[in-house]
Amino acid sequence: MSFQRNIGYKSFGDVEEFFVNIVLKTIEHREKNQVFRKDFMHLLLQLRNKNLFSDDGKLTKENNETGTFTDDEIVTQCFIFFVAGFDTSSLTMTMALYEATKNSEMQDKMRDEIPTKEKYDGELTYEAAKELEYVEKVVSETLRRYPVAPSIQRVCTKDYTMPGTDIEIEKGTHVQIPVRGFHMDPEYYPNPEVFDPERFSNEEKAKSRICYLKIKHILFYERVEKCTFPHAF
């Protein structure tokens, strides 16, 4: 099945069958009954049928509209969303809260940063969340100290010789990148065992050897613009 090829695995057995069936049944139910919900599935169905996003709740094609997504691609996106969008976020939040329980000063700083009622009517809006600078430091340090995966794998796209060595990596070679190794290296992060959100302050980033313009790529294992929630990190 193309779903398997899309995510790079051969088979998930009964789990795969269950997941595929539940997604296809959801598609059938929503289209048959014109169910409108402001969620991820609705956006995928709009792309499948209309090749555009709209806020009118319509799922069916109109005039000459042509969709771009197939059912297999919707299943694939749902699977990736479920795996990458839930486990990674829940693990990061869990470990951030764990560190917060051990540090009352850190808790107070995060509470003090919550927007005032006068500015945002007491609601934690998207605009308000972008102003939580200290909370962002805590999240970044959590991702450094507790990476959701200890390593990532990439495929070399062309022959490459590592600078200063005679080590050659041939095109097509699978390369394992030790994310945790970088995060716990004192050359880049002094006292790596210590949980310190301030290492992500502008002052510390300016004098650090590591390239903070790309740090989010390492922390979240992918270019940030490809992340499901790119502005959350």
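Thresholds, definitions, all that
Residues numbered from 1 in each chain as written. Predicted model: local features only at pLDDT ≥ 70, side-chain atom pairs only at ≥ 80, totals over all residues. Heavy atoms only, no water. Phe/Tyr/Trp six-rings, centres within 6.5 Å; stacked < 30°, edge-to-face > 60°. Helix = DSSP H or I, 4+ residues; strand = E, 2+ residues; numbered from the N terminus. Buried < 20%, exposed > 50% of the residue type's maximum accessible area, 1.4 Å probe, protein only. Lys NZ or Arg CZ within 6 Å of the ring centre and 35° of its normal. pLDDT = per-residue confidence, 0-100. Contact = heavy atoms within 4.5 Å. Salt bridge = Lys/Arg side-chain N within 4 Å of Asp/Glu carboxyl O. Patch = residues over 30% accessible without salt bridge, like charges linked within 9 Å, V, L, I, M, F, W, Y side chains within 5 Å. Areas by Shrake-Rupley, 256 points an atom, 1.4 Å probe, with all protein chains shown as cover. Lys, Arg positive; Asp, Glu negative; His and termini not counted. Charge placed at Lys NZ, Arg CZ, Asp CG, Glu CD. Axes fitted to C-alpha atoms, helices over the stretch in contact; angles between N-to-C directions. Left-handed = near helix turned anticlockwise from the far one by under 90°. Nonpolar A, V, L, I, M, F, W, Y, C, P; charged D, E, K, R; others polar. Parallel < 35°, antiparallel > 145°, perpendicular 65-115°, else oblique.

### Regarding the packing of aromatic side chains
- Counted according to the given criterion, the structure contains 4 aromatic pairs.
- Between the aromatic rings of Phe19 and Phe79, the centroid separation amounts to 5.5 Å while the plane-to-plane angle is 85°, which identifies the pairing as edge-to-face. One end of the pair, Phe19, is in helix 2 (residues 14–33); the other, Phe79, is in helix 4 (residues 71–101), with 60 residues separating them in the sequence. You'll find Phe19 and Phe79 in the same group, each marked buried.
- Relative to Phe81, the ring of Phe40 lies with its centre 4.3 Å away and its plane at 15°, an arrangement referred to as stacked. Here the residue Phe40 occupies a position in helix 3 (residues 40–49), and Phe81 occupies one in helix 4, the gap between them amounting to 41 residues.
- Cluster of aromatic residues (ring-pair linked, three or more members): Phe19, Phe79 and Phe82.
- Here Arg144 stacks its cationic end above the ring of Tyr189, 5.3 Å away from the centre of that ring.
- Stacked on the ring of Tyr146, the Lys or Arg Arg145 has its end atom at 5.2 Å from the ring centre.

### A closer look at the confidence of the model for the chain
- Averaged over all residues, the pLDDT of the chain is 77; the fraction at 70 or higher stands at 73%.
- Every residue in residues 211–217 is under pLDDT 50, and counting partners more than four places away or in other chains gives 14 contacts.
- Between residues 220–233, whose pLDDT stays under 50, and residues either more than four places distant or in other chains, the model counts 25 contacts.

### Topic: the environment of Tyr146
- Structurally, the position occupied by Tyr146 is in the loop between helix 8 (133–145) and strand 1 (152–155).
- The sequence separation of Tyr146 and Leu91 amounts to 55 residues, and the corresponding C-alpha distance is 8.7 Å.
- Here Tyr146 is in contact with Met95, Tyr98, Glu99 and Phe195, once residues within four sequence places are set aside.

### Here's the deal with the pattern of salt bridges
- For the structure shown, the criterion picks out 10 salt bridges.
- With a shortest N-O distance of 2.3 Å, Arg48 and Glu31 are connected by a salt bridge. Taken together, the residues span a long stretch of sequence, with Arg48 in helix 3 and Glu31 in helix 2 at a distance of 17 residues.
- Judged by its relative accessible area of 25%, Glu31 falls in the partly exposed class.
- Between Arg48 and Asp71 there is a salt bridge, and its shortest N-O distance comes to 2.6 Å. Here Arg48, found in helix 3, pairs with Asp71, found in helix 4; they are 23 residues apart in sequence, far enough to count as distant.
- With a relative accessible area of 19%, Arg48 lands in the buried category.

### Description of a negative patch on the surface
- Together, Asp159, Asp166, Glu168 and Glu170 make up a region of like negative charge exposed at the surface.
- Position of Glu170 among the secondary structure elements: in the loop between strand 3 (168–169) and strand 4 (174–177).

### Remarks on the packing of helix 2 against helix 4
- At a minimum axis separation of 10 Å, helix 2 and helix 4 run at an interaxial angle of 115°. The interaxial crossing formed by helix 2 with helix 4 has right-handed handedness. From helix 2, Phe19, Val20, Val23, Leu24 and Ile27 reach across to helix 4, where they touch Asp71, Ile74, Val75, Cys78, Phe79 and Phe82.
- Here the residues of the contact of helix 2 with helix 4 are counted per class, giving 10 nonpolar, no polar and 1 charged.

### Digging into a nonpolar patch on the surface
- On the surface, a cluster of nonpolar side chains totalling about 290 Å² of accessible area is made up of Phe82, Val83 and Phe86.
- With respect to the helices and strands, Phe82 occurs in helix 4.

### Notes on the side chain of Lys137
- Considering the arrangement of structural elements, one finds Lys137 in helix 8.
- Lys137 sits in the buried class, given a relative accessible area of 18%.

### Here we look at the packing of helix 3 against helix 4
- One way to put it is that helix 3 packs onto helix 4 with a least axis distance of 10 Å and a crossing angle of 155°. With respect to their mutual orientation, helix 3 and helix 4 come out roughly antiparallel. Between helix 3 and helix 4 lies a crossing whose hand is right-handed. For the pair helix 3 and helix 4, contact is made by Phe40, Met41, Leu44, Leu45 and Arg48 and by Asp71, Ile74, Gln77, Cys78 and Phe81, respectively.
- Tallied by class, residues from the contact of helix 3 with helix 4 come to 7 nonpolar, 1 polar and 2 charged.

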